[in-house]
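Close look at the chain arrangement
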Amino acid sequence: MDKTFYLETFGCQMNVVDSERVVDLLGGIGYRQVAQAQEARLLLLNTCAVRDKAVRKAYGHLGRFKPLKDADPALIIGLGGCVAQQEGEQLLKEFPYLDLVFGTHNVHRLPELVNDVEVRRGKAAAVDFLDRETRLQLFPNRIGSEAVNRFVTVMQGCDNFCSFCVVPIVRGREISRPSGEILSEVRDLAGQGVREITLIGQNVNSYGVGVAGESDFAGLLRQVAAIDGIRRIRFTTSHPKDLSDDLIACFGEIDKLCKHLHLPVQCGSDAILQAMNRGYGRAHYLGLVNRLRAVCPEIRLTTDIIVGFPGEDEADFSDTMTLLEEVRYAEIYSFLFSPRRGTAAAELPDDTPAAVKQERFDRMLALQNEISKDAWARDVGQVREVLVEGESKQGHGQLYGRTTWNRIVNFSGPPELVGQLVPVRVTKSYRNSQLGELVER
Ligand code: SAM
Ligand code: SF4
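A short tour of the structure in this document, coming up. (Residues numbered from 1 in each chain as written. Chains lettered and ligands numbered in written order. Predicted model: local features only at pLDDT ≥ 70, side-chain atom pairs only at ≥ 80, totals over all residues. Heavy atoms only, no water.)

Moving on, we get to the site of ligand 2. Contacts to ligand 2 come from Cys158, Asn160, Phe161, Cys162, Phe164, Cys165, Val167, Pro168, Gln202, His239 and Arg278. For the shell around ligand 2, a count of residues per class yields 7 nonpolar, 3 polar and 1 charged. (Near = heavy atom within 4 Å. Nonpolar A, V, L, I, M, F, W, Y, C, P; charged D, E, K, R; others polar.)

With that out of the way, let us pick up the sheet that holds strand E13 (residues 300-307). Paired through backbone hydrogen bonds, the strands of a sheet run either parallel or antiparallel to each other. Taking strand neighbours across the sheet as the criterion, the 3 strands line up as E12-E13-E14 in an open arrangement whose pairing is parallel. Edge positions in the sheet fall to strand E12 (260-262) and strand E14 (331-336), since each of these pairs with one other strand and no more. Within this sheet the neighbouring strands show an average axis-to-axis angle of 15°, counted without direction. (Pairing = 2+ DSSP bridges. Helix = DSSP H or I, 4+ residues; strand = E, 2+ residues; numbered from the N terminus. Axes fitted to C-alpha atoms, helices over the stretch in contact; angles between N-to-C directions.)

A few words now on the packing of helix H9 (residues 217-225) against helix H10 (residues 245-253). H10 packs onto H9 with a crossing angle of 25° between their chain directions and a minimal axis gap of 8 Å. Taken together, the axes of H9 and H10 lie roughly parallel to each other. In this structure, the crossing between H9 and H10 has a hand that is left-handed. On H10, the residues that touch Phe217, Ala218, Leu221 and Arg222 of H9 are Asp246, Leu247, Cys250 and Glu253. (Parallel < 35°, antiparallel > 145°, perpendicular 65-115°, else oblique. Left-handed = near helix turned anticlockwise from the far one by under 90°. Contact = heavy atoms within 4.5 Å.)

Further remarks concern the side chain of Glu331. Relative to the elements of secondary structure, Glu331 occurs in strand E14. One polar contact links Glu331 to Arg431, side chain to side chain, over a distance of 2.7 Å. Ignoring any residue separated from it by four or fewer positions in sequence, one finds Glu331 in contact with Leu301, Thr302, Thr303, Gln368, Ser372, Trp376, Arg407 and Arg431. (Polar contact = N/O pair within 3.5 Å; in protein donor to acceptor, adjacent residues only side chain to side chain.)

Attention now goes to the sheet that holds strand E5 (residues 100-102). Pairing in this open sheet of 6 strands is parallel, and the strands run E2-E1-E3-E4-E5-E6 from one edge to the other. In this open sheet, the two edge strands, each paired with only one partner strand, are strand E2 (32-33) and strand E6 (124-126). Looking at chain direction, strand E4 (residues 76-81) and E5 are connected through 3 bridges and run parallel. Following the sheet pairing, Gly80 is matched in E5 by Phe102. Docked against the sheet, helix H1 (residues 13-28) engages strand E1 (4-9), E2, strand E3 (42-47) and E5, running at close to 175° with respect to E1. Against the sheet, helix H5 (residues 110-120) touches E3, E4, E5 and E6, its axis set at about 170° to E5.

Approximately 270 Å³ is the volume attributed to the second largest pocket. Lining the second largest pocket we find 13 residues, and of these Arg232, Asp255, Lys259, Glu385 and Thr404 sit closest to its centre. Tallied by class, the residues present in the lining of the second largest pocket amount to 4 nonpolar, 2 polar and 7 charged. (1 Å grid on protein atoms, 1.4 Å probe; cavity = no way out; pocket = protein on both sides within 12 Å on 5 of 7 lines; lining within 4 Å. Points joined across faces, edges and corners; volume = space filled by probe spheres on them.)

What surrounds ligand 1 is a group of 15 residues, the closest being Phe164, Gln202, Gln266, Asp304 and Ser338. Between ligand 1 and Gln202, the relevant distance is 2.7 Å, taken from a nitrogen atom to a main-chain nitrogen or oxygen of the residue. Gln266 has a polar side-chain atom sitting 2.7 Å from an oxygen atom of ligand 1. Protein burial of ligand 1: of its 570 Å² of free accessible surface, 92% is covered by the chains. Elements that contribute at least two residues to the shell around ligand 1 include exactly E13 and E14. (Areas by Shrake-Rupley, 256 points an atom, 1.4 Å probe, with all protein chains shown as cover.)

Encoded structure:
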C-alpha cells in the first residue's frame, strides 16, 4: 500500500526545523507527504506547549483524527514536540486512538517508532531526555533545499528558566552546535542556491558559552558572513541579558546582517521583570536599544510582550505602555500570561481579573497598531532592496520577497528574479505586508 503521511506543525522555529527533519526521515523509509489528512496512512502533529491555547489547539486537531481512525483502524496517529515531551506516555492512555508519541529529543527515532507500530500493531513512545554527547550528534543538518531562505540550528534547549516559560522543561539544557558543522551546513546550502540564512536557537546570544575553544555568537556570525553565496543573515531569538557590545557592533559592521532584531523585552516594569527572572531591568534594555540605534540607525526592532503576569498592576502595565512609546517597535508579538505546569510563575498568587487583563491587552494593541502603521508607512515611496522568495499564490505574475526588516513585499516581475536581491519601490503599506513595483536597474 502507498505509504503516505500528513504532518501539522505548531509553535516556534525549532518545531519548524524538527518537522523538516521528520519529512526527511519519513522519506527515508518510503513515506510520501500529502496535503490532506484524509489521504494519509500516517497522521502526525508536532506540538507547542508554550501557552495553554497552543496545547488546546493540538488536542483539538488530534480529536479531528479520531473519526478517520474509527473508519480505518489501520491508520497510524502520532504526536510529537513539546506537548509530547511534557505529557509523555500517558497521552497514549488519554487518547486511545493515538499510536505513538515522540519527544523533543527523539525526533531521530521516528522511523523506528513508526516501524514498531506497523509491525507489532502496538503503541510506541520515546520521550526521554538524551545526554549532551548524544545530542551533539543529532543536530538537524538538512541537505537539499529549493528554498531561497533557510533556518540553521545553532543551539538547542535553554538554561534561563524565565519564571513563566516551559521551554527549559520541554527542550532540556542548552547545548551549542559545533561551529564547524554549522559553517559546513551553510556552505552546502549556499551551494544549492539558498541566499538567506536565519541562525536559530532559544537563546542564540549565549552560543558557545562554556564550550572550550568555541567562538561566541558574534564570532560565529562573522564566519557565516564570510561564506560566498549567502546574501543575508538573520538570527533569532536574542536574550537581552546576553546581547554583547561585540554583537551590537556586528549590526554596524556586517553588510549581510539584516537591519532587524527581535529582542523580547516581555514587559516594561522592573518589578515584573525581576519576578519573571529575566536578568535585566528596563534601563539596561533601553541602553541596548540606544546602542543598537547608534551603530545602525536604520535598525528596526520587534519584541514579545506578556500582559497579565501574576502581580502586574496598573502602574506596572503603564511602564510597558511607556516603554512601547519610547522604543517604538516596528511590531510586537503579545500574549496574555498563561500559567504553565512546572514553572515558578504558575505558583504565584494572581488576583487580577481576566477582564482587566484583557482590557489592558486591547489597550496595548491599539497603541502598538498606531506605532506599527507609522513605522511601515515610512517605506511608502521609498526604494527598498527585496530578496525575491517566490511567485505569489495569487499568480498573475506576482512575486513576493522580504525587505531587510523582514517585511513581505508583493510586486509584479518575472520568475527568473527568484533568489535575487532587487530594488522595489514600495507603493502601499498594509497591516502585514506591502505592495511595490520593480525599479528598472
Ligand atoms: N527564547 C525566546 C525568548 O527568550 O524570548 C522565546 C521563547 S517563547 C517560545 C516565545 C514567547 O512566548 C516568549 O518570548 C514569551 O513572550 C511568550 N511566552 C512564553 N511563555 C509564556 C507564558 N507562560 N504565557 C504567555 N506567553 C508566554
Ligand atoms: Fe523561555 Fe526565557 Fe529560555 Fe526564552 S530565554 S526560552 S523565554 S526560559
